[in-house]
Amino acid sequence: MSPVTAGTAAGAVLALAALGFGFWGFLLTALFMGTGAVLGRAAEGRLDLAAVLDALRGRRSSA
């Protein structure tokens, strides 16, 4: 799936959530979509969650 197609699908889902469930439903949907994207990248091996957690804890820098 191309980034344009994925972005369009994500925008459509968020728009429907905002229309159907209001602002809080929109935020919850966005949170779940973001969590799913992070977990999907980790499952594919394109994101090292241990390195991300180390960076958030201040144990590593991005430089």
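Note that the coordinates shown come from a computational prediction; the quantities given were computed from them, not determined experimentally. (Residues numbered from 1 in each chain as written. Predicted model: local features only at pLDDT ≥ 70, side-chain atom pairs only at ≥ 80, totals over all residues. Heavy atoms only, no water.)

The helix and strand inventory of the protein stands at 2 helices and 0 strands. Here the C-alpha atoms of the protein give a radius of gyration of 15 Å, more than 25% beyond the 11 Å that 2.2 N^0.38 yields for 63 residues. The burial tally for the protein puts 10% of its 63 residues in the buried class. Roughly 5,000 Å² of accessible area belongs to the protein as shown, and the carbon and sulfur atoms make up 69% of that amount. (Helix = DSSP H or I, 4+ residues; strand = E, 2+ residues; numbered from the N terminus. Rg over C-alpha atoms; globule rule 2.2 N^0.38 Å. Buried < 20%, exposed > 50% of the residue type's maximum accessible area, 1.4 Å probe, protein only. Areas by Shrake-Rupley, 256 points an atom, 1.4 Å probe, with all protein chains shown as cover.)

Here we take up the pattern of salt bridges. Think of it this way: side chains of opposite charge can pair up when their charged atoms draw near. Summed over the entire model, instances satisfying the criterion amount to 3 salt bridges. Across the salt bridge formed by Arg57 and Asp54, the nearest N and O atoms sit 3.9 Å from each other. Taken together, the residues span about one helical turn, with Arg57 and Asp54 both in helix H2 (residues 49-57) at a distance of 3 residues. Relative accessible area serves as the criterion here: at 54%, Arg57 is assigned to the exposed category. Between Arg59 and Asp54 there is a salt bridge, with its nearest N and O atoms 4.0 Å apart. Overall, the relative accessible area of 61% leaves Arg59 in the exposed class. Within the structure, one salt-bridge network assembled from shared partners comprises Asp54, Arg57 and Arg59. (Salt bridge = Lys/Arg side-chain N within 4 Å of Asp/Glu carboxyl O.)

We now examine helix H1 (residues 3-44). In this model H1 runs just 16 Å from its N-terminal to its C-terminal C-alpha over 42 residues, more than 12% under the 62 Å that 1.5 Å per residue would give. Of all the bends in H1, the largest measures some 140° and sits at Phe21. Positioned one or two residues after H1, Gly45 has a phi angle of 90°, which is positive. (Expected span 1.5 Å × (residues − 1). Bend = angle between axes of the 7 residues up to and from the residue.)

A few words now on the side chain of Thr29. Looking at where Thr29 falls in the secondary structure, it is placed in helix H1. Only 2.7 Å separates the side chain of Thr29 from the backbone oxygen of Gly25, close enough to count as a polar contact. What Thr29 contacts, discounting residues up to four positions off in sequence, is Val13, Leu14 and Ala17. (Polar contact = N/O pair within 3.5 Å; in protein donor to acceptor, adjacent residues only side chain to side chain. Contact = heavy atoms within 4.5 Å.)

Glancing now at the environment of Val13. Secondary-structure assignment places Val13 in helix H1. Along the sequence, Val13 and Ala30 sit 17 residues apart, while their C-alpha atoms lie 9.0 Å from each other. If near-sequence neighbours (up to four positions away) are discounted, Val13 is found in contact with Thr29 and Met33.

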